[in-house]
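Chain and residue survey
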Amino acid sequence: MHSSLLNGAENITLIRGRPRQGLGFSGSNIHGICLPVIDSVSFGGISRNRITTTLITKCSVSSSRPASQPRFIQHKKEAFWFYRFLSIVYDHVINPGHWTEDMRDEALEPAELYDRRLKVVDVGGGTGFTTLGIVKNVDPENVTILDQSPHQLAKAKEKEPLKKCTIIEGDAEDLPFPTDYADRYISAGSIEYWPDPQRGIKEAYRVLRLGGIACLIGPVYPSFWLSRFFADMWMLFPTEEEYIEWFKKAGFKDVKLKRIGPKWYRGVRRHGLIMGCSVTGVKRESGDSPLQLGPKAEDVSKPVNPFAFLLRFIVGTICATYFVLVPIYMWLKDQIVPKGMPI
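Residues numbered from 1 in each chain as written. Predicted model: local features only at pLDDT ≥ 70, side-chain atom pairs only at ≥ 80, totals over all residues. Heavy atoms only, no water.

1. Some points on the nonpolar core
Side chains of nonpolar character tend, in soluble globular proteins, to be buried together. Counting residues in each nonpolar core, the largest one holds 75 residues, and the members touching the most others are Trp 99, Tyr 185, Ile 201, Ile 217, Trp 234 and Phe 252. For this core, the element with the highest residue contribution is helix 10 (residues 306–336), accounting for 8 residues. Excluding residues within four positions of it along the chain, Ile 217 makes contact with Trp 99, Ala 107, Leu 108, Ser 187, Ala 188, Gly 189, Ile 260, Met 275, Cys 277 and Ser 278. (Core = buried A, V, L, I, M, F, W, Y, C linked by side-chain atoms within 4.5 Å. Buried < 20%, exposed > 50% of the residue type's maximum accessible area, 1.4 Å probe, protein only. Helix = DSSP H or I, 4+ residues; strand = E, 2+ residues; numbered from the N terminus. Contact = heavy atoms within 4.5 Å.)

Okay, structure coming up:
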């Protein structure tokens, strides 16, 4: 498995030539903005005299998406019903191809879960797969699992190592925790469903104590045209630059991004990854985030058109099926293509 560490706090500059837009704000076009340039990638966490390689990215104009174009499954109501059925097979169908135990443990490493007394919130914890990695190092009575899906949480409640965890339903963009509450904020495989990712990361900052670490694990955007099409239709696949920008805008310091991926991927990301990076940031000042935002992008209490809902659900499910088939295709290529060659 290939992984690398990108330090966004020191090595990000902005491309000139296009006006910046309100990244993460309601109605913003996050894939049509001018993205930052990553000047260097450091491997192995070397700080001084570290080995670096230049990685230049372009403004993602070619992948821009109108703000009015829906991500079919990213809407919270569709996601709620999507997981009503997916929760039945989630641990047995999704995780083996996209989110394995070794990936989970590697992604959690930057969160520095070195003390069993740490108070941890696992936001969008779902079936508790990521939480199982957390309780290896933290006492379960100090861990809270939050998710909007009671069906996913029902699976978490069945797992013996999580019996002493606090399990609650809640919204990642409006957390039911006081300010300066937790030592660690963990969220894995949840941001792709947030209508306003900047708001969710702002909430992560708020609930952390001084010196607390947020660790957000999520997908990365594809470069292959067909995978990019299905990603845009389905849910949010951020770029690495967007993750770093969201964290920095929320007020986090020492922002770093660690690439993760299944063994069959060989470091190539043309199809994107549902779990492709682990981003961390440190809260250096007490209190709420300095970032001010407007109203939520989505109000789940408002009624929806049933025909539009059904269409989004069906098309979103087709897109999800594509990304279930991708790891099968890549696994077959991994068996056929000689080792050492890109796939």
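Back to the text.
2. Concerning the pairing of strand 7 (residues 143–147)
The side chains of a regular strand alternate between the sheet's two faces. Burial analysis of strand 7 places 5 of its 5 residues in the buried class, which makes it a mostly covered element. Side chains of strand 7 alternate between two faces, with Val 143, Ile 145 and Asp 147 and Thr 144 and Leu 146 buried alike. With respect to chirality, the unit in which strand 6 (residues 120–123) leads through helix 5 (residues 129–134) into the neighbouring parallel strand 7 is right-handed. Of the crossover connections in this fold, the one passing from strand 7 over helix 6 (residues 150–157) to the parallel strand 8 (residues 166–169) is right-handed. (Right-handed = clockwise from strand over helix to strand, strands pointing away.)

3. Remarks on the packing of aromatic side chains
We describe a pair of aromatic rings using the distance from one ring centre to the other and the angle between the two ring planes. Counted by the stated rule, this structure contains 12 aromatic pairs. Ring centres 5.1 Å apart and planes at 40° place the aromatic pair Phe 247 and Phe 252 in the tilted group. Grouping residues by exposure puts Phe 247 and Phe 252 together as buried. Taken together through their ring pairs, the aromatic side chains of Phe 229, Phe 230, Trp 234, Phe 237, Tyr 322 and Phe 323 make up a single cluster. (Phe/Tyr/Trp six-rings, centres within 6.5 Å; stacked < 30°, edge-to-face > 60°.)

4. Quick word on the packing of helix 7 (residues 197–207) against helix 9 (residues 240–250)
Angle between the axes and distance between the axes: these two values describe a pair of packed helices. Remark: helix 7 packs on helix 9, axes separated minimally by 9 Å, with the N-to-C direction vectors making an angle of 50°. Considering their axes alone, helix 7 and helix 9 lie oblique with respect to each other. For helix 7 against helix 9, the interelement crossing comes out right-handed. Packed against helix 7, whose contacting residues are Pro 197, Gln 198, Ile 201, Lys 202 and Tyr 205, the element helix 9 presents Glu 245, Trp 246, Phe 247, Lys 249 and Ala 250 at the interface. Broken down by class, the residue content of the contact of helix 7 with helix 9 amounts to 6 nonpolar, 1 polar and 3 charged. (Axes fitted to C-alpha atoms, helices over the stretch in contact; angles between N-to-C directions. Parallel < 35°, antiparallel > 145°, perpendicular 65-115°, else oblique. Left-handed = near helix turned anticlockwise from the far one by under 90°. Nonpolar A, V, L, I, M, F, W, Y, C, P; charged D, E, K, R; others polar.)

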